[in-house]
Amino acid sequence: MKPRLDDEDPDRLYTITGGRSRVGGGSLDLVTLIVSESEPTAGMQSEHARILRTCRRPTAVVELSADLGLPVSVVRILLCDLLDAGVVTARHPRPTHSPDALPSPELLKRVLLGLRKL
Amino acid sequence: MAYGNSDTAARAPLRAGARHGLKIVVVGGFGVGKTTMVRSVSEIRPLSTEETMTTAGVGVDDTTAVRGKTTTTVAFDFGRITLDDEFVLYLFGAPGQERFWFLWDQLFAGTLGAVVLVDTRRLEDSWYAIDRLEHHGTPFVVARNNFGAPRHTLDQLRDALDLPRHVPLVDCDARRRDSSKAVLVALVDHLFALSSAREPTP
Ligand SMILES: Nc1nc2c(ncn2[C@@H]2O[C@H](COP(=O)(O)OP(=O)(O)OP(=O)(O)O)[C@@H](O)[C@H]2O)c(=O)[nH]1
Ligand SMILES: [Mg+2]
């Protein structure tokens, strides 16, 4: 299908994602930080180019979603393309174990220090 | 300290070395002050976005037992606090009502903990959130956001919420940065105590 990007287009999300609804993006947390590894190239899908520009500095998945005005699930799909192409890398949050596995006291101490400085 | 946003539309990017994203969720009923709390401590103007969830026809209040998939969109907002060169904390303001149940698993996955904001004029709005957090095993604190002078003591509120003694319960004014900050510190202190108690596994 031919991309026809238009904010008012009800099929916009379908167009942006090429109709895919689910890929391996499930591993991208809301707070996974994305970093560009290269610059946008001519002819690149505009959302992809925009992500690459924004992620010159680390940017969380959820911030990209807000910037692009796209649901998180759609942003995950776009990011999968870029990860597959090797043009971005992902800094994942600490792995989450079982729900009641608490972060270490060391990590929490660091969080407290940061909060107290606010 | 001055509120952190300049007038420019562009928000400050994260530090180049930022690598650990952390999450805390602020939950509570409509209008209880979730966005206000996020705004008062965030270094960026709160942003909002949405998540589209596909649920496999397991609606809790659905007696017609719809087969197949339903897509639901939920909006939420968030703010950000840079803790140090590597750690950055995201604060999510999430609706606490039962009809958003499908969002909860996702938002709570990997979260450090939660703040339950309570408006004592509508206590019943908090019950579902507290129930859900206990069910998930997500550590939390409860903060009473005071709209006017409180009419009850915190002990009375604890009884009314049927809140176990080990769960911290504090007062706050979500509009004030120092007050919201104190609530976050109370949560992380609580987590620290829980984590330290567990640490030496003999
Ligand atoms: N008096 C008083 N007003 C408050 C306080 N916190 C929030 N408000 C006001 O209450 C109203 C609702 O606050 P919000 O922060 O939008 O509440 P919310 O929980 O995000 O609301 P929804 O997202 O719509 O569920 C706003 O007009 C706030 O200015 C408080 O501590 N005291
Ligand atoms: Mg709100």
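Relevant structure appears above.
Read on for a plain summary of the structure.

Rules used throughout
Residues numbered from 1 in each chain as written. Chains lettered and ligands numbered in written order. Predicted model: local features only at pLDDT ≥ 70, side-chain atom pairs only at ≥ 80, totals over all residues. Heavy atoms only, no water. Contact = heavy atoms within 4.5 Å. Buried area = accessible area lost by both parts, 1.4 Å probe. Salt bridge = Lys/Arg side-chain N within 4 Å of Asp/Glu carboxyl O. Polar contact = N/O pair within 3.5 Å; in protein donor to acceptor, adjacent residues only side chain to side chain. Helix = DSSP H or I, 4+ residues; strand = E, 2+ residues; numbered from the N terminus. Expected span 1.5 Å × (residues − 1). Buried < 20%, exposed > 50% of the residue type's maximum accessible area, 1.4 Å probe, protein only. 1 Å grid on protein atoms, 1.4 Å probe; cavity = no way out; pocket = protein on both sides within 12 Å on 5 of 7 lines; lining within 4 Å. Points joined across faces, edges and corners; volume = space filled by probe spheres on them. Near = heavy atom within 4 Å. Areas by Shrake-Rupley, 256 points an atom, 1.4 Å probe, with all protein chains shown as cover. Nonpolar A, V, L, I, M, F, W, Y, C, P; charged D, E, K, R; others polar.

Chain A puts 42 residues into the contact, and the matching count from chain B is 52 residues. Taken together, the two surfaces of chain A and chain B that pack against each other cover about 4000 Å², and 62% of this comes from carbon and sulfur. On the surface where chain A and chain B come into contact, there are eight salt bridges. Note that D84(B) and R110(A) form a salt bridge whose closest N and O atoms lie 2.8 Å from each other. Connecting chain A to chain B are 17 residue pairs in polar contact (both at pLDDT 80 or more). Elements represented by at least two residues in the side of chain A that touches chain B include exactly β2 (59–60), α3 (61–68), α4 (72–84) and α5 (105–116) of chain A.

The next point concerns α4(A). Residue and element names in this part refer to chain A. If you check α4, its first and last C-alpha atoms are 18 Å apart, about what 13 residues at 1.5 Å a residue would give, namely 18 Å. Residues of α4 that are buried include every one of V72, V74, V75, R76, I77, L78, L79, C80 and L82, and no others. Of the residues trailing α4, G86 is marked for its positive phi of about 75°.

Looking now at empty space enclosed by the protein. Take a probe with the size of a water molecule and roll it over the atoms, and the empty space left behind shows itself. All names here are of chain B. Counted under the stated rule, the structure contains one cavity of 30 Å³ or more. Its boundaries defined by the atoms lining it, the largest cavity holds a volume of some 40 Å³. Taken together, G29, F30, V32, L117, V118, D119, R122, D125 and S126 make up the full set of residues lining the largest cavity. If you list the elements that add at least two residues to the lining of the largest cavity, you get β5 (113–118) and α3 (124–136).

Turning to the site of ligand 1, a few remarks are in order. Residue and element names in this part refer to chain B. Lining the immediate surroundings of ligand 1 are 14 residues, of which G33, K34, T35, T36 and N145 lie closest. Within the contact set of ligand 1, an oxygen atom lies 2.8 Å away from a side-chain nitrogen or oxygen of K34. Contacts to ligand 1 include D173, whose side-chain N or O atom sits 3.1 Å from an oxygen atom. When isolated, ligand 1 has an accessible area of 650 Å², and the protein chains bury 63% of it. A class-by-class count of the residues in the shell around ligand 1 yields four nonpolar, seven polar and three charged.

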